Amino acid sequence: MITAYSIIKNNVSIVNGKPFLADNNTETFSKFVEQLYKKLNIHYPKFYKMDNLTKLGFINSELLLQNKNINSYYSEDEIGLVFANKSSSLDTDLKFYSTIENRNQYFPSPSVFVYTLPNIMLGEICIRNRFKGENAFFIMEKFDSEFILEYSRLLLDTNRTECCIAGWVELLPDNFESLFFLLEKKKYNNNLKTLELKNIIRQYEDYGAINH
Amino acid sequence: MKIMEQLIIELKEKIIKNLNLKDLTIEDIDTEAPLFVEGLGLDSIDALDLIVILEKDYGIKIESIDEGKNILNSVKSMAEKIMSHNSEN
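As the structure is a computational prediction, the values presented were derived from the model and not from experiment.

## Concerning the overall build of chain B
A count of helices and strands for chain B gives four helices and zero strands. Secondary structure elements of chain B occur, N-terminal to C-terminal, as α-α-α-α. Here the C-alpha atoms of chain B give a radius of gyration of 12 Å, agreeing with the 12 Å that 2.2 N^0.38 yields for 89 residues. Here chain B, with 89 residues, has 20% of them falling under the buried criterion.

## Topic: the packing of helix α1 (residues 29–39) of chain A against helix α2 (residues 52–65) of chain A
All names here are of chain A. Running from N to C, α1 and α2 point in directions that differ by 30 degrees, and their axes come no closer than 11 Å. In terms of orientation, α1 and α2 fall into the roughly parallel class. Both α1 and α2 take part in a crossing whose hand is left-handed. Across from F29, V33, L36 and Y37 in α1, the residues of α2 making contact are N52, K55, L56 and I59.

## A word on the confidence of the model for chain B
Looking at chain B as a whole, its pLDDT mean stands at 91, while 98% of the residues score no less than 70. Confidence metrics for the complex model read pTM 0.88 and ipTM 0.74.

## Here we look at helix α5 (residues 120–129) of chain A
Residue and element names in this part refer to chain A. Those residues of α5 that sit buried are M121, L122, E124 and I125. Buried residues of α5 fall within an arc of 160 degrees about the axis and therefore sit on the same side. Along its buried surface, α5 packs onto α2, β4 (79–85) and β5 (135–139).

## Focus: the interface of chain A and chain B
If you look at the interface, chain A gives eight residues, while chain B gives eight residues. For the side of chain A that touches chain B, the residue count by class is five nonpolar, two polar and one charged.

## With respect to unusual backbone geometry
All names here are of chain A. Positive phi values are uncommon outside glycine, yet N67 reaches one of about 65 degrees. Overall, N67 belongs to the exposed group, with 6 C-beta atoms counted inside 10 Å. We note that R130 has phi near 60 degrees; this positive angle belongs to a residue other than glycine. Note on placement: R130 falls in the loop between α5 and β5.

Cut-offs and rules
- Residues numbered from 1 in each chain as written.
- Chains lettered and ligands numbered in written order.
- Predicted model: local features only at pLDDT ≥ 70, side-chain atom pairs only at ≥ 80, totals over all residues.
- Helix = DSSP H or I, 4+ residues; strand = E, 2+ residues; numbered from the N terminus.
- Rg over C-alpha atoms; globule rule 2.2 N^0.38 Å.
- Buried ≥ 20, exposed ≤ 12 C-beta atoms within 10 Å, placed from the backbone.
- Axes fitted to C-alpha atoms, helices over the stretch in contact; angles between N-to-C directions.
- Parallel < 35°, antiparallel > 145°, perpendicular 65-115°, else oblique.
- Left-handed = near helix turned anticlockwise from the far one by under 90°.
- Contact = placed C-beta atoms within 7 Å.
- pLDDT = per-residue confidence, 0-100.
- Arc of directions from axis to C-beta.
- Nonpolar A, V, L, I, M, F, W, Y, C, P; charged D, E, K, R; others polar.

So this is what it looks like as structure tokens:
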């Protein structure tokens, strides 16, 4: 069952239907995501070293999990992650390419190179939260929430995964958007409130065009 | 001596910029403190970025792991290597 969700899209962030931060005056992803970082009162210097896709996923996971304290309900290997996007790590791939395209200025950047895979973001979230459960990152043409949730439910039904963070995290230089769900078995907490997928998707779509 | 001091400031500015240490100012970086584990607590990827700075901006190639450990020990050791490299060339 979906017990929480968070959205970052078009310089708006929403947690379980409630606005968290909106700034129509911010022109860049970097400025907006740093505002979120400050408002969430995070102190994690490694954040500044992350590429933009990882920053987006990291901040959305912080939004989703704030005040949830899921580590007290589940052991570290019971928490899984299932994410997807369309453009993989293309934003960072292009940045890395710019460091090697000129043979006379051939200085491959190690710090950029380490983020030239989208599942690095999963690793950063796992390191931050000490998660050690199953994880997967899918590349798909369009945001397919049914597929992502079905795969997550499969994990919840068939192995040790008791809780899963799942969703969409897409970033290109001129666009960023992310929707994360928290899925939990009703094992430890009888007060879990179930959220309707169709209502969440409708709210996500309301915040701009999406390939859905 | 003044050149050495300027070089140390320049290196600190490059370290903050290239390693994305946005919470720090040049005053926060102890010139003689170890850059790794203690001090700034840099990691192996940061080490690679420092090597790129030395090669790209100062024309210094580190030839061995032992040499790298000595040169990248602190801002001071990096500056001393750059000074000795410049005097040799």
